[in-house]
Amino acid sequence: MKDTEILDLYWARNESAITETQAAYGNYCYSIAFHILHGKEDSEECVNDTWMRAWNAIPPARPARLSLFLGTITRNLSFDRWKQKNAMKRGSGEMEATLDELAECIPDKSNTEEIVAQKELERQINLFLGTLKEKERNIFLRRYWYAEEYGEIADRYGLNLNTVKTTLFRVRGKLKAYLEQEGVVL
Amino acid sequence: MSEREKREGAMRIFEALSGVDEQYLEVCEREAGGQAADSRGKKVIPFAGLARFSRKYGKFVAAALVFGVVGAGYLGMHSLRMGKEASMSTNMAIADQEVQQAEGQSNGMAYSSGMLQGEAAAKADSSVEEMPEAVPEPTWEAALEAAPEVAVSGDSSDESMLKDNVQDQVNSVDRNAGVVQSSNSRNQEKTVPDVYAYVPKVWPRGCVTEQQWIANKEAQSESSQYLEVSGSYPDRQETFTLRIMDLGEQMPGADRIGKTYMEAEFDESCVAKELASGAGDFGVIYQRGEHYVLVRFIGSGDAKEVWEMMASIRP
């Protein structure tokens, strides 16, 4: 079923919208959740919560890309659940590694005391992503939006592992420099 | 900045990425080709293992095949040449003998045809023995070891640039001596150290490493190029850097780095002493013939694990 038809079901408050969404995007959303949570039950719960959130959001929302809309909800729900489960506990897992890597992008110091709101940070990050080459951006998003592992990214794009690691290492350095230059305080 | 603050900052960046422009995610998914997933959401990639193997080792297998074909061709031509020259020398020996026989006949001397052929065969044998020995072809394992996967610094991380660098490394390798013979060096007999032979075989537990080739044009006191290996640990804040430099035929001065050890004198107690305060900067010099290679360690880590890493360097 096409996205427009699924959205029509939501707008008609037809509960088969959930079934159709599950059929079309169940695996996609589960994959995003699993990469963050690494647990079957937690991931399934987040996916189910995604459908509930989507049902409550549509209408009035009518997303242009339903997959990305649902994927973003799943990602946020999964990350919130991950934070609840882990708090500041140091454990193993891919999310630990992902966050440790992103911690490298924190500027050491800023020239101003300005505090950037979350929306402003999103805007800055979008501007930064626009400065990247497409290949670098894709690898960066695969790692830090989808939380995929190095090996998966290498397989996906037909690259070798060291290329992926080096690309991410360089992009993190660029992000850090960009945030410092923009005076972003985190 | 404390670890907690860094973690909170990282989480903010991770959350902020939820607001990334959809067009970027669209391109990302389009580039990925929209692979199928099974019921658990795991990507199903047909023949993934084979594809992964061919991507990872395809270049080396192809290089080994090229070596094999070239080697077989060389040996084939060599055999043909040997056979031709043997038959030519046999014919020439027979012709010589015939001339001598003719002269001998004129002088009253005679040779049996058996003796003629025997002497001709002996001459042919001696011409064969004088042929240079065939150069042994490098095995596919040597080609594989000669071309480790390395990332290249600079703006371009394209596969073509990586391929060029890998191709540069696909030479015959004498791992025991830690030297590389360049592909056209057989005539020149010039050897240079293979810095990749000095990459450790053992890494500290839980360590994640990245390699890149650094061309340092500004530094006056260090080699202009070196292989840098950066190590980090997902579960702790320690990091280290290894710099592997070909120093050529110049023994480094004492002021080059914090502390330098020759390979023979370097042991676990040296590492313990250097890392007693938690972080250190020291180097180990390896001498192979007239060449020196410096492996410099900068950073922190567990002394035992760092020693095991450094001890695994066996060029």
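Just so it is clear, the model here is predicted, and its values are computed rather than measured.

Q: I'd like a rundown of the overall build of chain B, residues and numbers included.
A: Per the secondary structure count, chain B includes 9 helices and 10 strands. In chain B, which comprises 315 residues, the proportion classed as buried is 23%. Within chain B, counting contacts between residues at least 6 apart in sequence, those at least 24 apart form 58% of the total.

Q: Give a description of unusual backbone geometry that names residues and reports values.
A: Residues and elements named next belong to chain A. Omega for the bond connecting Ile58 with Pro59 falls within 30 degrees of zero, at -15 degrees, which places this linkage in the cis form. Considering the arrangement of structural elements, one finds Pro59 in the loop between α3 (40-57) and α4 (66-86). Put simply, Pro59 and Pro60 share a cis peptide bond, and its omega is 10 degrees. Relative to the helices and strands, Pro60 is located in the loop between α3 and α4.

Q: Residues and numbers for the confidence of the model for chain A, please.
A: Per-residue confidence for chain A gives a mean pLDDT of 88; residues scoring 70 or more make up 91%. Per-element confidence in chain A is highest for helix α7 (residues 134-144) of chain A, whose mean pLDDT is 95, and lowest for helix α5 (residues 94-103) of chain A, whose mean pLDDT is 84.

Q: For helix α9 (residues 303-311) of chain B, give the residues involved together with the corresponding values.
A: Residue and element names in this part refer to chain B. Regarding α9, the residues found buried are Val306, Met309 and Met310. End-on, the buried residues of α9 take up no more than an arc of 95 degrees, which puts them together on one face. Against the buried residues of α9 lie α8 (268-274), β9 (279-288) and β10 (291-300).

Q: Describe the packing of helix α2 (residues 16-37) of chain A against α3 of chain A, naming the residues involved and giving the relevant values.
A: Residue and element names in this part refer to chain A. One way to put it is that α2 packs onto α3 with a least axis distance of 8 Å and a crossing angle of 130 degrees. Taken together, the axes of α2 and α3 lie oblique to each other. In terms of crossing hand, the pair formed by α2 and α3 is right-handed. Facing Ile18, Thr21, Gln22, Gly26, Cys29, Tyr30, Ala33, Phe34 and Leu37 of α2, the residues of α3 in contact are Asp42, Ser43, Cys46, Val47, Thr50, Trp51, Ala54 and Trp55. For the contact of α2 with α3, the residue count by class is 11 nonpolar, 5 polar and 1 charged.

Q: Now, about the packing of α2 of chain A against α4 of chain A: what can you tell me, with residues and values included?
A: A pair of packed helices is characterised by two quantities: the angle between their axes and the separation of those axes. Residues and elements named next belong to chain A. Taken N-terminus to C-terminus, the directions of α2 and α4 make an angle of 30 degrees; their axes are 9 Å apart at the nearest point. Here α4 runs roughly parallel to α2, going by the angle between their axes. The way α2 lies across α4 gives a crossing that is right-handed. Contact residues: α2 offers Tyr25, Tyr28, Cys29, Ile32, Ala33, Ile36 and Leu37, while α4 offers Ser67, Leu70, Gly71, Thr74, Arg75, Ser78, Phe79, Arg81 and Trp82. Its residues assigned to classes, the contact of α2 with α4 shows 10 nonpolar, 4 polar and 2 charged.

Q: Can you break down the nonpolar core residue by residue, with the values?
A: Counting residues in hydrophobic clusters, the biggest one holds 61 residues, and the most contacted among them are Ala33, Leu102 and Leu141 of chain A together with Phe14, Leu17 and Val20 of chain B. Looking at which element gives the most residues to this core, the answer is α2 of chain A, with 9 residues. Excluding residues that lie within four positions of it along the chain, Leu17 of chain B makes contacts with Ile125, Tyr144 and Trp145 of chain A. Membership of the second largest hydrophobic core comes to 25 residues, among which are Val229, Ile244, Ile285 and Met310 of chain B.

Q: Which residues make up the environment of Arg75 of chain A, and what values go with them?
A: Assignment of secondary structure puts Arg75 of chain A in helix α4. Sequence spacing of Arg75 of chain A and His35 of chain A is 40 residues, and the spatial spacing of their C-alpha atoms is 9.5 Å. Non-local contacts of Arg75 of chain A, meaning those with residues more than four positions away in its chain, are made with Ile32 of chain A together with Ser18 of chain B.

Rules used throughout
Residues numbered from 1 in each chain as written. Chains lettered and ligands numbered in written order. Predicted model: local features only at pLDDT ≥ 70, side-chain atom pairs only at ≥ 80, totals over all residues. Helix = DSSP H or I, 4+ residues; strand = E, 2+ residues; numbered from the N terminus. Buried ≥ 20, exposed ≤ 12 C-beta atoms within 10 Å, placed from the backbone. Contact = placed C-beta atoms within 7 Å. pLDDT = per-residue confidence, 0-100. Arc of directions from axis to C-beta. Axes fitted to C-alpha atoms, helices over the stretch in contact; angles between N-to-C directions. Parallel < 35°, antiparallel > 145°, perpendicular 65-115°, else oblique. Left-handed = near helix turned anticlockwise from the far one by under 90°. Nonpolar A, V, L, I, M, F, W, Y, C, P; charged D, E, K, R; others polar. Core = buried A, V, L, I, M, F, W, Y, C linked by C-beta atoms within 7 Å.

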